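Fold and geometry: a report
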2 protein chains.
Amino acid sequence: MTTIRKIVSHNLRILRGVRGMSQEDLSAIAGIDRTFISDIENAKYGTSIDRLESLAGALGVATWEMCHPQTADRIRKQADADASAATSGKPAPPH
Amino acid sequence: MTTIRKIVSHNLRILRGVRGMSQEDLSAIAGIDRTFISDIENAKYGTSIDRLESLAGALGVATWEMCHPQTADRIRKQADADASAATSGKPAPPH
DNA sequence: ATGTAGACTTACGTCGACG
DNA sequence: ACGTCGACGTAAGTCTACA
């Protein structure tokens, strides 16, 4: 029974990692307190759709993707593919 | 610049209409106060992801679909297709 | 059946500090 | 760079009542 809190929590942490941001970085860009981002990632609190929109914008995804169970995996695999393509000298996929 | 409040507001109202529910019906099923549902539909307030999850469950969609800009249209067209199929005696599509 | 208003409670959200 | 604690303010959420 994966709740929406767990989904958002997971997407947020993974996505932030892929973007190479610290909680402090994300805090500065999204305009949300760092300690609160920590709370969300640990599913201590749920958040409002307004804050979710700010976080999504800062992470470069749509708001609904923050609620989708497979966003974390999708973005992570895409980042992996891009990275290995860069290493092998191939051009990056156009998305 | 369509904000997440507008999207949720719109999806909620359309989806509820397609399901043939009043605000009172939805209130009873989702366990959320009727007047607050009214506020959300009029985008007076944003809501939390926890309440959004309850509303989505009561409406038979995933939570992320409540945040998606095209959910209202998608569901409405599907309902239309199902209705006309029923009228013409054809079997309902398997989705 | 819906929108709004007021009074009220609680969960969200900010801030400073410590390990 | 992250988790947590305490104190505090505000927006979310409930309930009753009226149009």
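Remember, it's a predicted structure, so these values are computed and weren't measured experimentally.

What follows covers the packing of aromatic side chains. Aromatic rings considered in pairs are described by the distance between their centres and by the relative angle of their planes. Residue and element names in this part refer to chain A. Inspection of every chain in the model, using the stated rule, returns 3 aromatic pairs over all chains. Consider the rings of F36 and Y45, whose centres lie 6.3 Å apart with planes at 35°: the pair is tilted. Of the residues examined, Y45 reaches a relative accessible area of 42% and is grouped as partly exposed.

As a further point, take the protein's contact with DNA strand D. Around DNA strand D, the surrounding shell holds 22 residues, and the nearest of these are Q23(A), R34(A), S38(A), T47(B) and S48(B). Counting only atoms of DNA strand D within 4 Å of the protein, the fraction found in sugar and phosphate groups is 70%. Taking E24(A), its side chain carries an N or O atom lying 3.3 Å from a phosphate oxygen of DNA strand D. The contact in question runs from a phosphate oxygen of DNA strand D to an N or O atom on the side chain of R5(B), over 3.3 Å. Secondary structure elements with two or more residues in the surface near DNA strand D: α1 (4-18), α2 (23-30) and α3 (34-41) of chain A together with α3 (34-41) of chain B.

Further remarks concern the nonpolar core. The nonpolar side chains of a soluble globular protein tend to be buried with one another. By size, the foremost hydrophobic cluster in this structure holds 42 residues, and its most contacted members are L26(A) and L26(B). Contributions of two or more residues to this core are made by α1, α2, α3 and α4 (49-59) of chain A together with α1 (4-18), α2 (23-30), α3 and α4 (49-59) of chain B. In contact with L26(A), other than residues within four places in its own chain, are L12(A), R16(A), M21(A), G31(A), I37(A), L55(A), A58(A) and L59(A).

Moving on, we get to the UniProt feature "domain: HTH cro/C1-type" (unreviewed entry) in chain A. As annotated in UniProt, the feature "domain: HTH cro/C1-type" (unreviewed entry) corresponds to residues 12-67 of chain A in the numbering used here. The span residues 12-67 of chain A shows a helical share of 61% and a strand share of 0%, and its end C-alpha atoms are spaced 10 Å apart.

Another aspect to go through is the packing of α2(A) against α4(A). All names here are of chain A. Where α2 contacts α4, the two axes come as close as 9 Å, and the packing angle between them is 110°. Here α2 lies roughly perpendicular to α4, going by the angle between them. The two elements α2 and α4 meet at a crossing, and its hand is right-handed. Where α2 approaches α4, its residues L26, I29 and A30 are matched on the opposing element by S54, L55, A58 and L59. For the contact of α2 with α4, the residue count by class is 6 nonpolar, 1 polar and no charged.

So, about α1(B). Owing to its 3.6 residues per turn, the α-helix brings residues three or four apart onto one side. All names here are of chain B. For α1, which comprises 15 residues, the first-to-last C-alpha distance of 21 Å matches the rise-based estimate of 21 Å (1.5 Å per residue) to within 8%. Those residues of α1 not exposed but buried are I4, I7, V8, S9, N11, L12, L15 and R16. Its side-chain oxygen placed 2.9 Å from the backbone nitrogen of R5, T3 serves as the N-cap of α1. Just downstream of α1, G20 is the residue with a positive phi angle, here 70°.

As a further point, take the protein's contact with DNA strand C. Lining the immediate environment of DNA strand C, one finds 22 residues, of which F36(A), T47(A), S48(A), R16(B) and Q23(B) sit closest. T47(A) is positioned with one of its side-chain polar atoms (N or O) 2.5 Å from a phosphate oxygen of DNA strand C. Taking R16(B), its side chain carries an N or O atom lying 2.8 Å from a phosphate oxygen of DNA strand C. Mapped onto the surface near DNA strand C, the elements with two or more residues apiece are α3 of chain A together with α1, α2 and α3 of chain B.

Parameters and conventions
- Residues numbered from 1 in each chain as written.
- Chains lettered and ligands numbered in written order.
- Predicted model: local features only at pLDDT ≥ 70, side-chain atom pairs only at ≥ 80, totals over all residues.
- Heavy atoms only, no water.
- Phe/Tyr/Trp six-rings, centres within 6.5 Å; stacked < 30°, edge-to-face > 60°.
- Buried < 20%, exposed > 50% of the residue type's maximum accessible area, 1.4 Å probe, protein only.
- Near = heavy atom within 4 Å.
- Polar contact = N/O pair within 3.5 Å; in protein donor to acceptor, adjacent residues only side chain to side chain.
- Helix = DSSP H or I, 4+ residues; strand = E, 2+ residues; numbered from the N terminus.
- Core = buried A, V, L, I, M, F, W, Y, C linked by side-chain atoms within 4.5 Å.
- Contact = heavy atoms within 4.5 Å.
- UniProt positions renumbered as here; feature names shortened; annotations may be inferred.
- Axes fitted to C-alpha atoms, helices over the stretch in contact; angles between N-to-C directions.
- Parallel < 35°, antiparallel > 145°, perpendicular 65-115°, else oblique.
- Left-handed = near helix turned anticlockwise from the far one by under 90°.
- Nonpolar A, V, L, I, M, F, W, Y, C, P; charged D, E, K, R; others polar.
- Expected span 1.5 Å × (residues − 1).

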